[in-house]
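Overview (structure and organization)
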Amino acid sequence: MAVRFVIVGGGPAGLQAATHAARFGAEVTLVERDIVGGSANLWDCIPSKAMIATGGVMSVTRRAHGMGLMSMDAAVDLEALRQRMADVENHLATSFTDLLRSQGVRVIEGTARLKGPHEVVAETAGGVEELAADAVLLSTGSRPRVPEWAQPDGQRVLTTRQAYPPPELPEHLVVVGSGVTGVEFVHMFRSFGAKVILIVSRQQVLPQKDPEVAAALEEDFLRSGVALLKGAKAVGVDRVDGGVVVHCDDGRTARGSHVLLAVGALPNSEALGLDEAGVEADAHGYVTVNHHCQSNVRHIYAAGDLSGKLPLASVAWTQGRKVAEHVMGFHTRQHRHLDYDKAASAVFTEPEIADVGLPEAEAFALGRKIRVTKVPFAANARALIEGDSRGFVKILSDPATGVVLGGSIVGRRAAELISVLALAVTADLKVSDISESLMVHPALAEALAEAAE
Ligand SMILES: Cc1cc2nc3c(=O)[nH]c(=O)nc-3n(C[C@H](O)[C@H](O)[C@H](O)COP(=O)(O)OP(=O)(O)OC[C@H]3O[C@@H](n4cnc5c(N)ncnc54)[C@H](O)[C@@H]3O)c2cc1C
């Protein structure tokens, strides 16, 4: 009999697990309460990057003069922007649904929870359905955390999910939170022409990143007029005539037309029936998993944001595939565990930021000997041709063996270029493997080859 595999949540992790397991011969049922593609498609990766892409076109028009063109002036058409966002989202949702159907996955529109270790209950518009399962994947993702001092109203006080785009474009936006999400929203709205104040609770934006990388972004923010309120924790917000005032713990205030909250996420685990099935979660509600994404109840898996690992769609995607392999017993053959330390990630700002592997600060803290080489894009022909030579490539390698340990890229198309370093880090390639590759000229990738010399 085919393995009965029930998946709760159709984001990147659930989708990937469903299509792979079905291809391997499982009888797969996927329950999704909202939209196939998940929050990644509806609220997070796709809409944020679609808005950033539109803002990017506006930034290009502002640079037109420097490219030998007459000045251009673009203005946002909010209705057209909304339509564009809906088109991208619908296109992806339809492709994902078609893919699931073509693999024979049964998709149930509804909300599901565990009723016991081998039973999932799906509540749908048509009633309640009980699903027997040999294996279950919980991939219900996460949602934005709303601080206790704020009441989002979708008008002036916004969560990230209320900003695609908001009812009116903010003239003066206060962004609370300077992690990846916060800085991407700063960049998005400044490129639409808003004045922006960013409240930074520590002394550095992107506190988890290499200080040199964060400094490059801060410099650019400041150059474009973004105000940084550093070392300040937001503790309250008041609606005032025509806007908002955000209060900080040190008495400082930030006044704007709107405030956007980007202060982390919470797992969607509270109504999942974890206790009924005996599944353990940590104090924050993330399901505790081993390196196969198995919970303490071994045939119940958790992947994606719910697993409390790296909250990235790319990671969720790969975890989903690994779970499908494990459920089908393929992990015994050449199965490699996911190494979260080797996951590439990007920040879609201008300049773009991407990194992978060992952070320089960590190598330093560990007392590990590393070789660091850095090449600025200012000397790169393609960057100059494209009129944007901000940023640099930095590669960390082992001085004894030349093996690439990690790297950071700040600059145009960093999110694409990092793939070279991601491959090198995963495959234990040496810097000489990169420097001896015959790269295209003129290309931004030449900076990688130079940094690898
Ligand atoms: C603003 C923002 C931008 C981001 N940009 C990027 C990016 O550029 N690149 C990147 O790699 N990552 C990005 N991320 C992170 C990324 O969105 C998440 O890591 C990813 O979506 C996690 O995927 P997932 O499979 O866990 O599920 P999700 O995408 O969170 O989807 C979970 C699904 O489960 C469904 N669900 C929940 N509970 C139930 C239930 N009980 N029954 C049925 N269905 C249920 C939900 O409706 C949802 O569709 C971003 C995050 C944010 C907040």
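Residues numbered from 1 in each chain as written. Predicted model: local features only at pLDDT ≥ 70, side-chain atom pairs only at ≥ 80, totals over all residues.

Re the site of the ligand
Close to the ligand lie 37 residues, the nearest being G9, G11, G38, G141 and G304. Only α1 (12–23), β2 (27–32), α2 (38–42), α3 (45–62), β4 (111–116) and α8 (313–327) provide two or more residues apiece to the shell around the ligand. Split by residue class, the shell around the ligand holds 13 nonpolar, 17 polar and seven charged. (Near = placed C-beta within 6 Å. Helix = DSSP H or I, 4+ residues; strand = E, 2+ residues; numbered from the N terminus. Nonpolar A, V, L, I, M, F, W, Y, C, P; charged D, E, K, R; others polar.)

A word on the pairing of strand β11 (residues 195–200)
Across five bridges, the pairing between strand β10 (residues 172–176) and β11 is parallel. Bridge pairing in β11 places H172 opposite K195. Taken together, β10, helix α5 (residues 180–191) and β11 constitute a β-α-β crossover, and its handedness is right-handed. Each parallel crossover has a hand, and the one from β11 via helix α6 (residues 211–223) to strand β12 (residues 227–230) is right-handed. (Pairing = 2+ DSSP bridges. Right-handed = clockwise from strand over helix to strand, strands pointing away.)

With respect to the sheet that holds β11
Hydrogen bonds along the backbone pair up the strands of a sheet, which may run parallel or antiparallel. Strand order in the open sheet formed by five strands is β9-β16-β10-β11-β12, with parallel pairing between adjacent strands. Of all the strands in the sheet, just β9 (157–159) and β12 have a single pairing partner and so form its edges. When the angles between neighbouring strand axes are averaged without regard to direction, this sheet yields 20°. The strands touched by α5 are β10, β11 and β16 (258–261); relative to β11, the strand with the most contacts, the crossing angle is about 170°. (Axes fitted to C-alpha atoms, helices over the stretch in contact; angles between N-to-C directions. Contact = placed C-beta atoms within 7 Å.)

Let's talk about the nonpolar core
In globular proteins that are soluble, nonpolar side chains generally tend to be buried together. Core analysis: the largest hydrophobic core is formed by 76 residues, its most contacted members being V175, V176, I199, V259 and I418. For this core, the leading source of residues is helix α11 (residues 414–426), giving eight residues. Split by domain, the residues of this core number at least three in each of domain 2 (157–263) and domain 3 (351–452). Among residues more than four places away in sequence, those in contact with I418 are A344, A346, A354, D355, V356 and I409. Core analysis: the second largest hydrophobic core is formed by 50 residues, F5, V28, L137 and A281 among them. (Core = buried A, V, L, I, M, F, W, Y, C linked by C-beta atoms within 7 Å. Buried ≥ 20, exposed ≤ 12 C-beta atoms within 10 Å, placed from the backbone. Domains from an automatic or database assignment.)

Describing the domain arrangement of the protein
Each assigned domain of the protein is listed with its residue range as follows: domain 1 (4–144 + 266–332), domain 2 (157–263) and domain 3 (351–452). Taken over C-alpha atoms, the centre of domain 1 sits 31 Å from the centre of domain 3.

Observations regarding the sheet that holds strand β14 (residues 243–248)
Overall, antiparallel pairing links the three strands, which are arranged β13-β14-β15 in an open sheet. Edge positions in the open sheet fall to β13 (234–240) and β15 (253–256), since each of these has one partner strand only. The average angle at which neighbouring strand axes cross in this sheet is 20°, direction not considered. Here β14 runs beside β15; their pairing, made up of four bridges, is antiparallel.

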